[in-house]
Amino acid sequence: MFYYVLKYVLLGPLLRLLWRPRVEGLEHVPETGAAIVAGNHLSFSDHFLMPAVLPRRITFLAKQEYFTGPGLRGRATAAFFRSAGQIPVDRSGRDAGRAAIREGLEVLRRGELLGIYPEGTRSHDGRLYKGKVGVAVMALTAGVPVVPCAMVGTFEIQPPGKALPKIKRVSIRFGEPLDFSRFAGMEHEKAVVRAVTDEIMYRILELSGQEYVDAYAADVKAAEDRPRGR
């Protein structure tokens, strides 16, 4: 219930008024039934702006750190994500990926809309990074379409590390649903799930116009942050 209060009364109207998002391809999001919306992830603002323009409720697999942050801001963030029905996912440990997939499949089994950022983390430099294969495993296991989505301009309004977003218009683009039924039953084939993930990322790339990096965002960020040897 509180999700719809946020969307239609408290937060959604304010977001649409201030950032006036240009929305393209909304007709590609199925009106009913289970589906995955797979998008690029440029900003903390993505969590708010995409749901604000969708006519359906969408549930995201959110990193657990959003639910465990310290201080007043941390408690407020946790309360928001819980109230909005988002699911915390522990990304540490060997079984983290399996746990995220189980949670996502449960959302899809209920016939709902699941939001995923295949890059696994926010882009630290505005580029699009290699996708992790969990999105493909879920799509093939559940037999659902994947709607690619591109957030455009959200990195500029709120890059990582910036607490408050700038007031500047952004765009949200949805592409035609991707049907992977030809790969039904092949969710355990490594080559297949890699190919499906790459196809999803390519469609996001076409929509976003970003520069693409064929490496995982977390690995590139860690390498850049590592102290250089003498």
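Attention here is on the structure that accompanies the text. It should be emphasised that the depicted structure is a prediction, and the values quoted were computed from it without experimental measurement. (Residues numbered from 1 in each chain as written. Predicted model: local features only at pLDDT ≥ 70, side-chain atom pairs only at ≥ 80, totals over all residues. Heavy atoms only, no water.)

1. Quick look at the overall build of the protein chain
Helix and strand counts for the protein chain stand at nine helices and nine strands. For the protein chain, the C-alpha radius of gyration of 17 Å lies close to 17 Å, the compact-globule estimate for 230 residues. Across its three principal axes, the protein chain shows a C-alpha extent of roughly 60 × 45 × 30 Å. Of the roughly 11,900 Å² that the protein chain leaves accessible, carbon and sulfur atoms contribute 55%. (Helix = DSSP H or I, 4+ residues; strand = E, 2+ residues; numbered from the N terminus. Rg over C-alpha atoms; globule rule 2.2 N^0.38 Å. Areas by Shrake-Rupley, 256 points an atom, 1.4 Å probe, with all protein chains shown as cover.)

2. Remarks on the packing of helix H2 (residues 12-19) against helix H3 (residues 46-53)
Their axes nearest at 9 Å, the elements H2 and H3 cross at an angle of 100 degrees. Taken together, the axis directions place H2 and H3 in an arrangement best described as roughly perpendicular. For the pair formed by H2 and H3, the contact residues are Gly12, Leu15, Arg16 and Trp19 on the first element and Phe48, Leu49 and Ala52 on the second. Here the contact of H2 with H3 is composed, by residue class, of five nonpolar, one polar and one charged. (Axes fitted to C-alpha atoms, helices over the stretch in contact; angles between N-to-C directions. Parallel < 35°, antiparallel > 145°, perpendicular 65-115°, else oblique. Contact = heavy atoms within 4.5 Å. Nonpolar A, V, L, I, M, F, W, Y, C, P; charged D, E, K, R; others polar.)

3. Things to note about helix H8 (residues 190-208)
The terminal C-alpha atoms of H8, which comprises 19 residues, lie 27 Å apart, in line with the 27 Å expected from a rise of 1.5 Å per residue. On its buried face, H8 sits against strand S2 (35-39), strand S6 (128-129), helix H6 (134-142), strand S7 (146-152), strand S8 (171-174) and strand S9 (212-213). Of the residues trailing H8, Gly209 is marked for its positive phi of about 70 degrees. (Expected span 1.5 Å × (residues − 1).)

4. Description of the packing of aromatic side chains
The geometry of an aromatic ring pair comes down to the distance between the two centres and the angle between the two planes. One pass over the full model with this rule turns up two aromatic pairs. Geometrically, the ring pair formed by Phe60 and Tyr117 is stacked, given 5.2 Å between the ring centres and 20 degrees between the ring planes. Here Phe60, found in strand S3 (residues 58-63), pairs with Tyr117, found in the loop between strand S5 (113-116) and S6; they are 57 residues apart in sequence, far enough to count as distant. Residue classification places Tyr117 among the buried residues on the basis of a relative accessible area of 12%. (Phe/Tyr/Trp six-rings, centres within 6.5 Å; stacked < 30°, edge-to-face > 60°. Buried < 20%, exposed > 50% of the residue type's maximum accessible area, 1.4 Å probe, protein only.)

5. Examining a nonpolar patch on the surface
On the surface, Tyr4, Tyr8, Val9 and Leu10 cluster together into a nonpolar patch covering about 410 Å² of accessible area. Within the element layout of this structure, Val9 appears in helix H1 (residues 2-10). Given the relative accessible area of 58%, Val9 is considered exposed. (Patch = residues over 30% accessible without salt bridge, like charges linked within 9 Å, V, L, I, M, F, W, Y side chains within 5 Å. Salt bridge = Lys/Arg side-chain N within 4 Å of Asp/Glu carboxyl O.)

6. Quick look at the side chain of Ser208
With respect to the secondary-structure elements, Ser208 resides in helix H8. Once you skip the residues sitting within four places of it in the chain, Ser208 turns out to touch Asn40, Ala150, Val152 and Arg173.

7. Side note on the packing of H6 against H8
At their nearest, the axes of H6 and H8 sit 8 Å apart, and the two run at 105 degrees to each other. Compared by their axis directions, H6 and H8 come out roughly perpendicular. For the pair formed by H6 and H8, the contact residues are Val135, Ala136, Val137 and Leu140 on the first element and Val192, Val193, Val196, Thr197 and Ile200 on the second. Each residue belonging to the contact of H6 with H8 can be placed in one class, and the counts come to eight nonpolar, one polar and no charged.

8. Quick notes on the pattern of salt bridges
Going through the model one piece at a time under the given rule, you end up with 10 salt bridges. Among the salt bridges present, the one from Arg127 reaches Asp125, with a minimum N-O distance of 2.9 Å. Looking at Asp125, the relative accessible area reads 27%, which means it is partly exposed. Three or more residues are tied together by salt bridges with common partners; here these are Glu106, Arg109, Arg110 and Glu112.

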